[in-house]
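# Close look at the chain arrangement
The lines below spell out each chain.
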Protein chains: 2
Amino acid sequence: MYIHVMNKSTLYKGCLEPIIMRLLKDNGRMYGYQLTQMVKELTKGELQITEGALYPLLHRLEEQGVVETEIENIGNRVRKYYTLTKAGKKQTNVYVEELRTFIQSLNLIVNPKTAG
Amino acid sequence: MYIHVMNKSTLYKGCLEPIIMRLLKDNGRMYGYQLTQMVKELTKGELQITEGALYPLLHRLEEQGVVETEIENIGNRVRKYYTLTKAGKKQTNVYVEELRTFIQSLNLIVNPKTAG
DNA sequence: TATGAATACATAATCAAATTATGCATTACT
DNA sequence: AGTAATGCATAATTTGATTATGTATTCATA
């Protein structure tokens, strides 16, 4: 019988946006690669953001006016820093609250006895 | 400026499969509509599974041999009950563990101080 | 000093899985 | 009689990931 092996990384579909915005809110100016590293560190390697997911997301956020960017040259290398706009910060508060509620909901399903 | 309003229900993209399997493992035989109601109740209305997401998922799980079904007639109405197969139960344990780890990861990002 | 790993960005093709909309039918409520 | 709730299903579309690829710099090391 065929057993479907779910890639656990697909769990965070839909959560990436609030995750990134939360990190930007907490840490101010950050660049893309730094965001991937911070997620990896914070989650002890559990969550690994792929570049193909991250960069298009950051571009969408910029289009929407949620973040603004600055290019910085580190030696010969280019970094693109992202900062939340005022509207972006406001939006982040909403998203993070929703994410907290969502986590609580997941807990209620997965650990119905302990999660109150 | 355009502010993107995220539908918070989209957060659970990718988590639906382990959620449903977990409920089936806990409660044995369940039918589709019942699953949607239980998720709604458990999460105090926060998570609402749409039919367009649920039924195709259940059909996929059946194809994969994760669940098996029984049709039951309640008066003139038809219900389709789903039960985890042996392989399905095994798989559920893995998925639920992954989901727990994922929840913990989310916590580490959203509540870095309190989540250990 | 060449080679690979890490850093740093970007995008196109593809796939998975949801939303939205629709359809059908029964039962319960008002 | 009409509406909401129960109960299933599926098609069209959209979203948002994966995977693969490309470019380029910096650093460690064999």
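Our subject is the structure that appears above.
Residues numbered from 1 in each chain as written. Chains lettered and ligands numbered in written order. Predicted model: local features only at pLDDT ≥ 70, side-chain atom pairs only at ≥ 80, totals over all residues. Heavy atoms only, no water.

Bringing the interface of chain A and chain B into the picture now. Counting from both sides, the interface comprises 46 residues of chain A and, opposite them, 45 residues of chain B. When chain A packs against chain B, close to 4,200 Å² is buried across both sides, 70% of that on carbon and sulfur atoms. Scanning the region where chain A abuts chain B turns up zero salt bridges. Where chain A packs against chain B, one counts eight residue pairs in polar contact (both at pLDDT 80 or more). Grouping the amino acids of the side of chain A that touches chain B by side-chain chemistry returns 25 nonpolar, twelve polar and nine charged. (Contact = heavy atoms within 4.5 Å. Buried area = accessible area lost by both parts, 1.4 Å probe. Salt bridge = Lys/Arg side-chain N within 4 Å of Asp/Glu carboxyl O. Polar contact = N/O pair within 3.5 Å; in protein donor to acceptor, adjacent residues only side chain to side chain. Nonpolar A, V, L, I, M, F, W, Y, C, P; charged D, E, K, R; others polar.)

For the coordinates displayed, the defined rule picks out two aromatic pairs over all chains. Relative to Tyr 81 of chain B, the ring of Tyr 31 of chain B lies with its centre 5.2 Å away and its plane at 80 degrees, an arrangement referred to as edge-to-face. Here Tyr 31 of chain B, found in strand S1 (residues 30-31), pairs with Tyr 81 of chain B, found in strand S3 (residues 77-84); they are 50 residues apart in sequence, far enough to count as distant. The pair Tyr 31 of chain B / Tyr 81 of chain B is uniform in exposure class, with both members buried. The ring of Tyr 81 of chain A carries the charged tip of Arg 29 of chain A above its face, separated from the ring centre by 3.8 Å. (Phe/Tyr/Trp six-rings, centres within 6.5 Å; stacked < 30°, edge-to-face > 60°. Helix = DSSP H or I, 4+ residues; strand = E, 2+ residues; numbered from the N terminus. Buried < 20%, exposed > 50% of the residue type's maximum accessible area, 1.4 Å probe, protein only. Lys NZ or Arg CZ within 6 Å of the ring centre and 35° of its normal.)

Here the focus is the protein's contact with DNA strand C. Taken together, 25 residues lie around DNA strand C, and Tyr 33, Glu 51 and Arg 79 of chain A together with Thr 50 and Arg 77 of chain B are the ones closest in. With respect to DNA strand C, the side chain of Arg 60 of chain B contributes an N or O atom lying 3.4 Å from a phosphate oxygen. Within the side chain of Arg 77 of chain B, one N or O atom sits 2.3 Å away from a base oxygen of DNA strand C. (Near = heavy atom within 4 Å.)

With that settled, consider helix H1 (residues 16-27) of chain B. Residues and elements named next belong to chain B. Between its first and last C-alpha atoms H1 spans 16 Å; for twelve residues at 1.5 Å apiece the expected length is 16 Å, and the two agree. Judged by how many residues are buried, H1 sits mostly within the fold: nine of twelve residues are covered. Considered for burial, the residues of H1 that qualify are Leu 16, Glu 17, Pro 18, Ile 19, Ile 20, Met 21, Arg 22, Leu 23 and Leu 24. (Expected span 1.5 Å × (residues − 1).)

Our focus in this paragraph is the sheet that holds strand S2 (residues 67-74) of chain A. Residue and element names in this part refer to chain A. Read across the sheet, three strands follow the order S1-S3-S2 without closing on themselves; strand pairing throughout is antiparallel. The two strands at the open ends of the sheet, each matched to only one other strand, are strand S1 (30-31) and S2. Judged from the two bridges that link them, S1 and strand S3 (residues 77-84) form a sheet pairing that is antiparallel. Within S3, the residue paired with Met 30 across the bridge is Tyr 82. Against the sheet, helix H1 (residues 16-27) makes contact with S1, S2 and S3, and its axis sits at roughly 90 degrees relative to S3, the strand it touches most. (Pairing = 2+ DSSP bridges. Axes fitted to C-alpha atoms, helices over the stretch in contact; angles between N-to-C directions.)

In the vicinity of DNA strand D, 24 residues are found, and the nearest of them are Thr 50 and Arg 77 of chain A together with Tyr 33, Glu 51 and Arg 79 of chain B. Within 4 Å of the protein, atoms of DNA strand D come from sugar and phosphate in 75% of cases. Taking Thr 50 of chain A, its side chain carries an N or O atom lying 2.3 Å from a phosphate oxygen of DNA strand D. At a separation of 3.4 Å, a phosphate oxygen of DNA strand D approaches a polar backbone atom of Gly 32 of chain B. Secondary structure elements with two or more residues in the surface near DNA strand D: helix H3 (51-63) of chain A together with helix H2 (32-42), helix H3 (51-63) and S3 of chain B. When its residues are assigned to classes, the surface near DNA strand D shows nine nonpolar, eight polar and seven charged.

With respect to the helices and strands, Ser 105 of chain A occurs in helix H4 (residues 86-110). Sequence separation of Ser 105 of chain A and Thr 10 of chain A is 95 residues, and the distance between their C-alpha atoms is 18 Å. In this structure, Ser 105 of chain A is in contact with Thr 43, Glu 46 and Leu 47 of chain B, ignoring residues within four places of it in sequence.

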